[in-house]
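Examining the three-dimensional arrangement
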Amino acid sequence: MTATQEPAAGTEIGRDRRRKEDQRLITGRTRWTDNITLPGMLHLAMVRSPFPHARITGIETEAAKQSPNVVAVLTGADLGEAQGACINAWPVVPDQVTPAHLPMPVDRVAFAGETVAVVVARSAAEARDAAELVEVDYEELPAALDLKDAAAAHENGGAIAHPDLGTNVSAVWRFDSAEAGTGGDVEAAIAEARENGIVIEREYRQQRLIPAFMEPRSTVVDPTGEQITVWSATQVPHILRFAIAATTGVPESKIRVIAPDVGGGFGGKLQQTPEEMITFAVARRLGKPVKFTETRSESLLTAHHGRDQWQRLTLAATKDGHVTGLKVDLLADLGAYVAIVGGGVPVLGAFMFNAIYKFPAYQFQTTNVLTNKTWTDAYRGAGRPEATFAIERLMDELAAELGKDPLEVRELNWIKHEEFPFTTVAGLEYDSGNYEAATARAKEMFGYDALRAEQAERRARKDKVQLGIGVSTFTEMCGLAPSRVLGSLNYGAGGWEHAEVRMLATGKVEVVTGASAHGQGHETAFSQIVADRLGVPFEDIEVLHGDTQISHKGLDTYGSRSLVVGGEALVRAADKVIEKARPIAAHLLEASVDDLEFSGGRFAVKGTDQGMAITEIATAVFAAHNLPDGLEPSIDSEATFDPVNFNYPHGTHLCAVEVDTETGQVKLRSYACCDDIGNVINPLIVAGQVHGGLVQGIAQALWEEAVYDDNGTLVTGSFVDYLLPTAADTISFDLDHTTSPATTNSLGTKGVGEAGTIASTPAVVNAVVDALRPYGVHDVAMPCTPERVWRAINSGGSGGETTEAAAPHFDESEGAAQ
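Just so we're clear, the structure is a prediction, and the values are computed from it rather than from any experiment. (Residues numbered from 1 in each chain as written. Predicted model: local features only at pLDDT ≥ 70, side-chain atom pairs only at ≥ 80, totals over all residues. Heavy atoms only, no water.)

Across the sheet, five strands lie side by side as β7-β15-β14-β13-β8; this open sheet has mixed pairing. With partners counted over all chains shown, the strands left at the sheet margins are β7 (169-176) and β8 (198-209), one partner each. Adjacent strand axes in the sheet meet at a mean angle of 10°, parallel and antiparallel pairs treated alike. In this structure, strand β13 (residues 306-317) lies alongside strand β14 (residues 323-335), joined through nine bridges in antiparallel fashion. Bridge assignment links Ala316 to a residue of β14, and that residue is Gly325. (Pairing = 2+ DSSP bridges. Helix = DSSP H or I, 4+ residues; strand = E, 2+ residues; numbered from the N terminus. Axes fitted to C-alpha atoms, helices over the stretch in contact; angles between N-to-C directions.)

Right, here's the structure in full:
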């Protein structure tokens, strides 16, 4: 990583602070949900369907009930309405088709892995053993498994995922710039380009992925107190409490949800899960504490999946490379149910296909389709990676068609730094950015020109190992927040965030946030923000989160919103503390309020050496012996922040790969990226976020894919078959950042948690395709495995089968592929 400049002495923001939370996490002195043990606690095991679609004709539980230490065996019919329901918070169109989603179905299963019964025993092992004895009779039904076939089932007589609905199409959502008044007519732009310009038409596959968080999901429910307490490995404790209350009838005030230390999520834990609801229902029914922790195989099978789209794209351009229109037609696989955000994921992507570019005309349509597979929802980036992949692949294809450098074509079309704020063809206002600066820095770190020269030399000598150079520029709408915008899109919740700052009598500070961490470093970054704002030592700040009893208001963590929304709420709460303390300081210092200055944690009387630390004022307020008349004895403050716009980080990522054209093996050579994430709170945390994001995006390009067979069975149901990268599979990354402060929050910060994932996938795939252009290859389906790359080389296309290798076509004089 490129070294960053140290902040000024005495300031915390911009400092490389090691994370406060790491000490307990890495030494095992923490409490994951599965570590929680309560007196008399019972354990659950789920009995799951092996079929993707079937009618339940009978469940025989007697043998399981007779198993040692089994307390109960329950079915969906036994739990009835007490099990509640799994909600969809974003019906993207008024007539969305949404199947009812019971946590445990009564008469029909809709995907392989769906729970049909639950065993309750005195130990987890005994519950699992007894679950093997439950016999379920099924009548198999036709299953909708292929996305394209499912979308056309009403035309071709294919299988319907939910026969009572009569269709697999859940929703069709459309945006057209001409209709919205944000741009021109895309059909006219395409027609003009067919006559006088260039039209690029491509179809790309976003494969299905599994979030594969480190800690499997786990839930403990204790119904024995005045409140029902729920511990869950979740990203969304506040939303989970609401969903439980709304669907079970238990008053929200009687439910406490705690997200203890949570081992990763990547969007995969923003769900209200069937297992949480079943555990809650069983605990209420039996009146005893109950725990369920999934196995890794259960996690891969039933925790929601991500991506899974077909993207059909048409790009119109002039012969000099200016894009005149973009048309996008998506098929999005929702799986068996419409998840909590579910159908909204492709809608989020709709606003990002235009990326950093000044496209004059744009049309987008997504058809959201129900199938008999595990349900899908947000996965790191949620719609933005899919959009970025498509447009960045297309820009490379346009450059190849024109015979121009891919960066040159991007520069022809991108928004110039002096044009910000800029309203895009999708109707969003980008507040700040400098694509030129980020790209220039990335090229410098990468050694772009030297690598292009090496590539030309390798091509000239017909090297069996070809060098590919991949380009990806990106921006994203993050800080998922503006409540009015979300409301206009029919989203069921707001986007604000809440924070509280408590000044303790001992001079310490408690910070309460509605954001809920699961590995991001909130406790450290939030402490740095408050330390600078109040002028108190970093070590004296305690950040509290993830407990709805302590943090009574919040909308939790997803969409790179914690810092840009939650952090701004903290700033405003801290500023209120200062303003509440000001008249008290004036009174104690026998000065006018107007004569006070606040700096470095002290109120000082102008022109004198008189002053008081804000921590001294907190002690005086606690005693309340000498306060101004009419003032309450408290300077604690809270704030709720709801931004008026999204947040727009951006960056340029460059990747070099070496492809063995005889075996198809792809080897990462180098990777450099320069991101603009506004002002940086903690460079060390940022580097960790970017590194992790890069690996996840690269993994989609090269390794990961969730695969179902023709029977609807997940055949990548373990880490033997679902290929996750290790440190040995990746390389060191060269990172840096430029700074265009955001104007949507006072800190000038932008989101970073999803940036690496969004940008890296197209950078790698563009590099692979770039290496293979001499062989006539214009695409390789992800993941770019050696077999797929080899087949692409030997078919001279995009991966079709052939027995005769395609001969590369090189320009002998310049080494350029034709």
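Still more ground to cover, so stick around.
In this model, helix α16 (residues 448-460) (13 residues) spans 18 Å end to end at C-alpha, consistent with the 18 Å of a helix rising 1.5 Å per residue. Lining the buried residues of α16 we find α14 (406-413), α15 (435-446), β18 (465-475), β26 (650-660), β27 (666-676) and α22 (755-772). Following α16 by one or two positions, Lys462 adopts a phi angle in the positive range, close to 55°. (Expected span 1.5 Å × (residues − 1). Contact = heavy atoms within 4.5 Å.)

Attention now goes to the sheet that holds strand β22 (residues 596-599). Taken together, three strands build an open sheet; the order of strands is β22-β23-β24 and the sheet is antiparallel. If you trace the sheet from one side to the other, it starts and ends with β22 and β24 (611-613), each paired once. Adjacent strand axes in the sheet meet at a mean angle of 20° when their direction is disregarded. Here strand β23 (residues 602-605) runs beside β24; their pairing, made up of three bridges, is antiparallel. The residue bridging Ala604 from the neighbouring strand is Gly611, located in β24. Sheet strands in contact with helix α20 (residues 614-623) are β22, β23 and β24, and its direction is about 80° off that of β24.

Attention now moves to the side chain of Thr279. Note on placement: Thr279 falls in helix α10 (residues 274-286). When its relative accessible area of 0% is taken as the criterion, Thr279 is described as buried. (Buried < 20%, exposed > 50% of the residue type's maximum accessible area, 1.4 Å probe, protein only.)

Turning our eyes to something else, we now look at the packing of aromatic side chains. Throughout the structure, instances matching the rule amount to 14 aromatic pairs. When the centroid spacing of 4.8 Å and the interplanar angle of 40° are considered together, the rings of Tyr430 and Tyr648 count as tilted. Linking Tyr430 in strand β17 (residues 429-430) with Tyr648 in the loop between β25 (637-641) and β26, this pair joins segments that are 218 residues apart in sequence. Across the pair, exposure class does not vary: Tyr430 and Tyr648 are buried alike. Feature note: the residues Trp173, Phe351, Phe353 and Phe364 constitute an aromatic cluster, connected by ring pairs. (Phe/Tyr/Trp six-rings, centres within 6.5 Å; stacked < 30°, edge-to-face > 60°.)

To continue, consider the side chain of Gln700. Relative to the helices and strands, Gln700 is located in helix α21 (residues 683-702). For Gln700, a relative accessible area of 2% translates into the label buried. At 2.8 Å, the side chain of Gln700 and the side chain of Gln206 are in polar contact. Among all residues touching Gln700, those that are not within four sequence positions of it are Gln206, Gln207, Leu209, Arg307, Thr761, Met782 and Pro783. (Polar contact = N/O pair within 3.5 Å; in protein donor to acceptor, adjacent residues only side chain to side chain.)

Turning our eyes to something else, we now look at the packing of helix α13 (residues 384-402) against α14. Running from amino to carboxyl end, α13 crosses α14 at an angle of 110°, the nearest separation of the two axes being 8 Å. The orientation of α13 relative to α14 falls into the category roughly perpendicular. Seen from above, α13 lies across α14 with right-handed handedness. Here Glu392, Met395, Asp396, Leu398, Ala399 and Leu402 of α13 come into contact with α14, specifically with Pro406, Val409, Arg410 and Asn413. (Parallel < 35°, antiparallel > 145°, perpendicular 65-115°, else oblique. Left-handed = near helix turned anticlockwise from the far one by under 90°.)

Looking now at the confidence of the model for the chain. Overall, the prediction assigns the chain a mean pLDDT of 95, with 96% of residues at 70 or greater. Every residue in residues 810-818 scores below 50 in pLDDT, and together they form 19 contacts with partners more than four places removed in sequence or on other chains. (pLDDT = per-residue confidence, 0-100.)

Looking now at the nonpolar core. In terms of nonpolar packing, the biggest core is built from 104 residues, with Trp173, Leu315, Phe353 and Tyr362 touching the most fellow members. Sort the elements by how many residues they give to this core and α13 lands first, with nine residues. In this structure, Tyr362 is in contact with Phe175, Asp176, Ser177, Gly184, Val186, Leu326, Val328, Ala350, Phe353, Asn354, Val425 and Ala426, ignoring residues within four places of it in sequence. By size, the runner-up hydrophobic cluster in this structure holds 44 residues, among which are Met503, Val530, Ala573 and Val577. (Core = buried A, V, L, I, M, F, W, Y, C linked by side-chain atoms within 4.5 Å.)

Cis geometry is adopted by the peptide bond preceding Pro421, which originates at Phe420 and carries an omega value of -5°. Note on placement: Pro421 falls in the loop between α14 and β16 (422-423). Following Met782, the chain continues into Pro783 via a peptide bond in cis, with omega recorded as -5°. Here Pro783 is to be found in the loop between α22 and α23 (786-795).

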